[in-house]
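Summary of structural features
So you can see what is in the structure, the chains are spelled out below.
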Amino acid sequence: MDITKYQHLQTPFYTYNMDLLNKTLEVCKAEANKYNFHVHYALKANANNEILKAIQAKGFGADCVSGNEVLAAVKNGFSNDKIVFAGVGKSDKEINDALDADIFCFNVESKQELEILNELAQEKNKIASIALRINPNVNAHTHHYITTGLEENKFGINHWEILDVIKLLGVYKNIKLIGLHFHIGSQITDLNVFRSLCIKVNEYVNMFEEQKQAIRIINVGGGLGIDYVNPDEHAIPNFEAYFKLFHQFLEIKNYQEVHFELGRALVAQCGTLISKVLYIKEGLQTNFAILDAGMTELLRPALYQAYHKIENLSNTNTSEKKKYDVVGPICESSDCFGKAIDLPITKRGDYIAIRSAGAYGEVMRSGYNLREANQVNYEN
Ligand SMILES: *Cc1c(COP(=O)(O)O)cnc(C)c1O
């Protein structure tokens, strides 16, 4: 990697490879198109305006989990009939904003939300299209903090509530059921998990249709994982296998559409956090490489012990290596990007790249310790 191109920038900063983003989007789109699948981009993975514009330009829909995300999607050109809105705790203001934007679909997560949405839609004389988010009790086999489809999780409607909900649908006149929604977790790398999901989805769709509720939209959520260990070898996720699996295992009738909500798989690999080494602290057992980036720039390692590949861009001579605990400057022991990482001999001033940081990176940035938000770089 050519580091001279970074020398005018103040570290730490995010840099996005827009070429890779566009290629990833194109491959995803082409594979989804094979089966007429619809893909919504999950804005929460990265809501940077330039990224949103690039994704919108390729014709993706938007999957939002807050009112502000709905507004950001509209502002960046996503058409309202391709915006869906999920979330267990939608506030009245958020619901009203989304009603005003005439979004395609609310993914409703509880009986109470159904009641409130009906009330608010009635006040505006509107009929809100909804999909019910079902908790299918499928184990995503991913980190427990990013598992969402188990009965113990707060997300979605559980199977024992479904008949009650169907009764309510007959009472509430300002909502219209158009589909079912599922999202079982994130960073799922075992495609068998999605096969289990498909089998559950088929059962739920049949259950609703037996109750005379036509299910036109089947939204299977997102969660496709990426390769954090080998970001160069697997820069683009295997969308071909992913969509093919849903094509094989979902039982789709001719009036039904299949929708996806991908976040991480679309944006993770195009982003890198660039940082400089401030100090090297040599210990008896370990050496610390102390960076000018910390958990305030990239929270995932501290939040769920996530692994990111770390590279020294200034010294690429791998014939002599040392082990370093790569840490940030924040006053928390969890502010650590990796322990006992093999790096070429590393010194003050070296540029360090933290890879695969395009998803759940910049969006989770915080001002803790009164840290400043740095600039963002875009490259081809
Ligand atoms: C977070 C989220 C997604 C996207 O998840 P990824 O793992 O980034 O693909 C999709 N749908 C919903 C409802 C979400 O909350």
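Residues numbered from 1 in each chain as written. Predicted model: local features only at pLDDT ≥ 70, side-chain atom pairs only at ≥ 80, totals over all residues. Heavy atoms only, no water.

As a volume, the largest pocket reaches approximately 540 Å³. Every residue lining the largest pocket is counted, 31 residues in all, and those nearest its centre are Lys44, Val65, Thr148, Phe155 and His183. Mapped by element, the contributors of at least two residues to the lining of the largest pocket are strand 9 (257–262) and helix 9 (264–267). Tallied by class, residues from the lining of the largest pocket come to 13 nonpolar, nine polar and nine charged. (1 Å grid on protein atoms, 1.4 Å probe; cavity = no way out; pocket = protein on both sides within 12 Å on 5 of 7 lines; lining within 4 Å. Points joined across faces, edges and corners; volume = space filled by probe spheres on them. Helix = DSSP H or I, 4+ residues; strand = E, 2+ residues; numbered from the N terminus. Nonpolar A, V, L, I, M, F, W, Y, C, P; charged D, E, K, R; others polar.)

Here we take up the domain arrangement of the protein. When its domains are assigned, the protein resolves into domain 1 (3–13 + 269–379) and domain 2 (18–267). For domain 1 and domain 2, the distance between their C-alpha centres works out to 33 Å. Residue-level contacts link 22 residues of domain 1 with 25 residues of domain 2. The interface formed by domain 1 and domain 2 holds one salt bridge in total. One salt bridge connects Asp232 with Arg355, and the closest N-O pair in it is separated by 3.0 Å. Taken together, domain 1 and domain 2 are joined by eleven residue pairs in polar contact (both at pLDDT 80 or more). Of all the elements in the fold, those that place two or more residues in the side of domain 1 that touches domain 2 are helix 10 (300–304) and strand 16 (376–379). (Domains from an automatic or database assignment. Contact = heavy atoms within 4.5 Å. Salt bridge = Lys/Arg side-chain N within 4 Å of Asp/Glu carboxyl O. Polar contact = N/O pair within 3.5 Å; in protein donor to acceptor, adjacent residues only side chain to side chain.)

The strand order around the closed barrel built from eight strands is 2-3-4-5-6-7-8-9, with neighbouring strands paired in parallel fashion. Direction aside, the axes of adjacent strands within the sheet are offset by 30° on average. By the bridge criterion, three bridges tie strand 8 (residues 217–219) to strand 9 in an arrangement that is parallel. Within strand 9, the residue paired with Ile218 across the bridge is Val258. (Pairing = 2+ DSSP bridges. Axes fitted to C-alpha atoms, helices over the stretch in contact; angles between N-to-C directions.)

One finds Phe106, Ile130, Leu132, Phe243 and Phe246 to be the most contacted residues of the largest nonpolar core, which totals 101 residues. The dominant element in this core, judged by the number of residues it contributes, is helix 7 (residues 191–210), at eight residues. Each of domain 1 (3–13 + 269–379) and domain 2 (18–267) accounts for three or more of the residues forming this core. Ignoring sequence-local partners within four residues, the contact set of Ile130 consists of Cys105, Phe106, Val108, Leu114, Leu117, Leu169, Ile175, Lys176, Leu177, Ile178 and Gly179. In this structure, Ile3, Leu9, Tyr351 and Ala353 belong to the second largest nonpolar core, which totals eight residues. (Core = buried A, V, L, I, M, F, W, Y, C linked by side-chain atoms within 4.5 Å. Buried < 20%, exposed > 50% of the residue type's maximum accessible area, 1.4 Å probe, protein only.)

Here we take up unusual backbone geometry. For the bond running from Thr11 to Pro12, omega is -5°, close enough to zero to count as cis. Note that Pro12 resides in the segment before strand 1 (13–17). Even without being glycine, Ser356 reaches a positive phi, approximately 55°. Among the structural elements, Ser356 can be located in the loop between strand 15 (351–354) and strand 16. Although it is not a glycine, Tyr360 sits at a positive phi angle of roughly 55°. As for its position among the elements, Tyr360 is in the loop between strand 15 and strand 16.

It is the contact of helix 7 with helix 8 (residues 239–249), at a shortest axis distance of 9 Å, that shows an interaxial angle of 30°. When the axis of helix 7 is compared with that of helix 8, the two are roughly parallel. Where helix 7 crosses over helix 8, the handedness of that crossing is right-handed. From helix 7, Leu191, Phe194, Arg195, Leu197, Cys198 and Asn202 reach across to helix 8, where they touch Ala241, Tyr242, Leu245, Phe246 and Phe249. The class makeup of the residues in the contact of helix 7 with helix 8 is nine nonpolar, one polar and one charged. (Parallel < 35°, antiparallel > 145°, perpendicular 65-115°, else oblique. Left-handed = near helix turned anticlockwise from the far one by under 90°.)

This next bit is on the site of the ligand. Taken together, 16 residues sit near the ligand, with Lys44, Ser186, Glu261, Arg264 and Tyr360 positioned nearest. Measuring from an oxygen atom of the ligand, one finds a side-chain N or O atom of Lys44 at 2.7 Å. Considered on its own, the ligand offers 390 Å² of accessible surface; in the complex 95% of this is hidden by protein. With respect to the detected pockets, the ligand is housed in the largest pocket. Considering only residue class, the shell around the ligand consists of five nonpolar, six polar and five charged. (Near = heavy atom within 4 Å. Areas by Shrake-Rupley, 256 points an atom, 1.4 Å probe, with all protein chains shown as cover. Sits in = over half its atoms within 2 Å of the grid points.)

One pass over the structure, following the stated rule, counts 17 salt bridges. Its salt-bridge partner being Glu297, residue Arg371 comes within 2.8 Å of it at the nearest N-O pair. Here Arg371 is found in the loop between strand 15 and strand 16, whereas its partner Glu297 is found in the loop between strand 11 (287–291) and helix 10, with 74 residues between them in sequence. Accessibility expressed as a relative area gives 22% for Arg371, which makes it partly exposed. When its relative accessible area of 3% is taken as the criterion, Glu297 is described as buried. The salt bridge partner of Lys309 is Glu311, with a shortest N-O separation of 3.7 Å. Residue class for Lys309 comes out partly exposed when judged on its relative accessible area of 23%. Here the salt bridges share partners, and the residues they tie into one network are Asp232, Lys309, Glu311 and Arg355.

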